[in-house]
Amino acid sequence: MSVKHSFLPQQYDETAKPSINHNYLKEQFADYKKIFKEIEKLVQKCDFTLGRPVEEFEKNIAKLTGAKYVIGVGSGTDALFLSLKALGIGEGDEVITTPYTFHATIGAIVAAGARPVFVDINEDYNINPELIEQAITAKTKAILPVHWSGLCCNMDKIMAIAKKHGLYVVEDACHTINAKYKNKSPGTFGTTGCFSLHPLKNLNAWGDGGFVVTNSKDVHDKLVLLRNHGLINRDECVLHAYNSRLDSIQAIVANHLFKKIEHITNSRIRNARFFDQELAKIPEITVSKRDPAIKQVFHIYVIRAKDRDKLQQYLIQNDIDAKVHYPIPMHLQPAAKAKKWKYKKGDFPVAEAICKSVLSLPVHEFITREQQKYVVKKIKEFYNESKSRD
Ligand SMILES: Cc1ncc(COP(=O)(O)O)c(C=O)c1O
């Protein structure tokens, strides 16, 4: 196995090439000088560690989500990990989750010392609540649903199961800032909701950052200790813990973008609607059904496509950054095999089929209608050309 120190600079150079791109950071931070001014004020105050911008950010998020408490932490992964630690979940415990997610969800469970137990997903890419109960054992402590692509899971059903079996719910809400499930914010159903400020999230920063939302005072108090060495004051530690604080500079960037969150969200929804309408006309493409009671915020816009790999290559050749999120489900990753959890191909047929056919198209606030029309045209062209080749 060869391990590179960092594959990211090269990866960014490579994927930055298409002009219709998932990466919109240059446009998003074109007004970076305004952020510099705020950072200058911070430098003058030297308010670097859990400074005032972090408090302001936490207040902003409490207002947006309706959560009683918000705790800024180092990343979305840490938000998940620290939530599990705060709930006392660790060695010998099982956490029910989805095999169709980003590695961070599973990494956080394993880092906490627990074992992830996978349950297959629905056609909407989210965990299938009908399959959860049969995965519950005496060791199960929590359900960890992931609200994939900005679509909140069926929280009515998940919360009812959790209540019946006395389980915690830790929501991976990293894709669902400003989303709604029946007028309530994802992240506020469970004991905690975990969010990421990674640069390509809908609300983002200039590096890593994340936060936890909770309505529980006890969990809040535990998280405040866990993120900051267990300190209750400068000199007294009541719990040996971690250093996972939301950085003041990242909080400044996130506060700056927070002012634009409605625009960011509404643009994504509008762009997704256009794709839905146009792509539904193409028989080789499957577009998800949308539930009007759920506000989906399209962190990514995903379709299922016949001949996915060839279509992806065709779109890339035509200057469109079509991506696969993600080709390998979590139970078939080398890391999972190394754990000897005994999962195998065929265990989660819906997730496996989706990994083979899913494709993401850029949907962010800087994509123009003309660019979207071009994407649709190229997808149609691909299938027409395939038909004439057959
Ligand atoms: C579903 C999901 N969960 C967790 C994370 C982890 O967030 P972070 O990168 O901030 O650690 C991500 C990040 O991409 C994610 O997509």
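Definitions and cut-offs
- Residues numbered from 1 in each chain as written.
- Predicted model: local features only at pLDDT ≥ 70, side-chain atom pairs only at ≥ 80, totals over all residues.
- Domains from an automatic or database assignment.
- Contact = placed C-beta atoms within 7 Å.
- Helix = DSSP H or I, 4+ residues; strand = E, 2+ residues; numbered from the N terminus.
- Nonpolar A, V, L, I, M, F, W, Y, C, P; charged D, E, K, R; others polar.
- Near = placed C-beta within 6 Å.
- Core = buried A, V, L, I, M, F, W, Y, C linked by C-beta atoms within 7 Å.
- Buried ≥ 20, exposed ≤ 12 C-beta atoms within 10 Å, placed from the backbone.
- Pairing = 2+ DSSP bridges.
- Right-handed = clockwise from strand over helix to strand, strands pointing away.

**Q** Could you give an account of the domain arrangement of the protein chain, with specific residues and numbers?
**A** Domain parsing of the protein chain yields domain 1 (8-17 + 260-389) and domain 2 (28-258). On a C-alpha basis, the centres of domain 1 and domain 2 stand 25 Å from each other. Taken together, the contact between domain 1 and domain 2 spans 24 residues of the former and 28 residues of the latter. Counting only elements with at least two residues in the side of domain 1 that touches domain 2, the list comes to helix 10 (261-279), strand 10 (294-295) and helix 13 (349-357). Here the side of domain 1 that touches domain 2 is built from residues that sort into 16 nonpolar, five polar and three charged.

**Q** Go over the site of the ligand, please, and point to the residues and values.
**A** Lining the immediate environment of the ligand, one finds 15 residues, of which Ser75, Gly76, Thr77, Ala104 and Ser196 sit closest. Breaking the shell around the ligand down by element, the ones donating at least two residues are helix 5 (76-86) and helix 6 (103-111). Classifying every residue of the shell around the ligand by side-chain character gives four nonpolar, nine polar and two charged.

**Q** Lay out the nonpolar core in plain terms, naming residues and giving numbers.
**A** Grouped together as the largest cluster of nonpolar side chains are 102 residues, with contacts concentrated most on Leu84, Ala142, Ile143, Val169, Phe211 and Val212. When residues of this core are sorted by domain, at least three fall in each of domain 1 (8-17 + 260-389) and domain 2 (28-258). Setting aside chain neighbours within four positions, we find Leu84 in contact with Ile89, Ala108, Ile109, Ala112, Ala114 and Val170.

**Q** Requested: an account of the pairing of strand 3 (residues 115-118), with residues and values cited.
**A** Walk down a regular strand and you will see the side chains alternate between the two sheet faces. Bridge analysis of strand 2 (residues 94-97) against strand 3 gives four bridges, and the strand direction is parallel. The residue bridging Thr97 from the neighbouring strand is Phe118, located in strand 3. Between the parallel pair strand 2 and strand 3, the chain is carried across by helix 6, and the sense of this crossover is right-handed.

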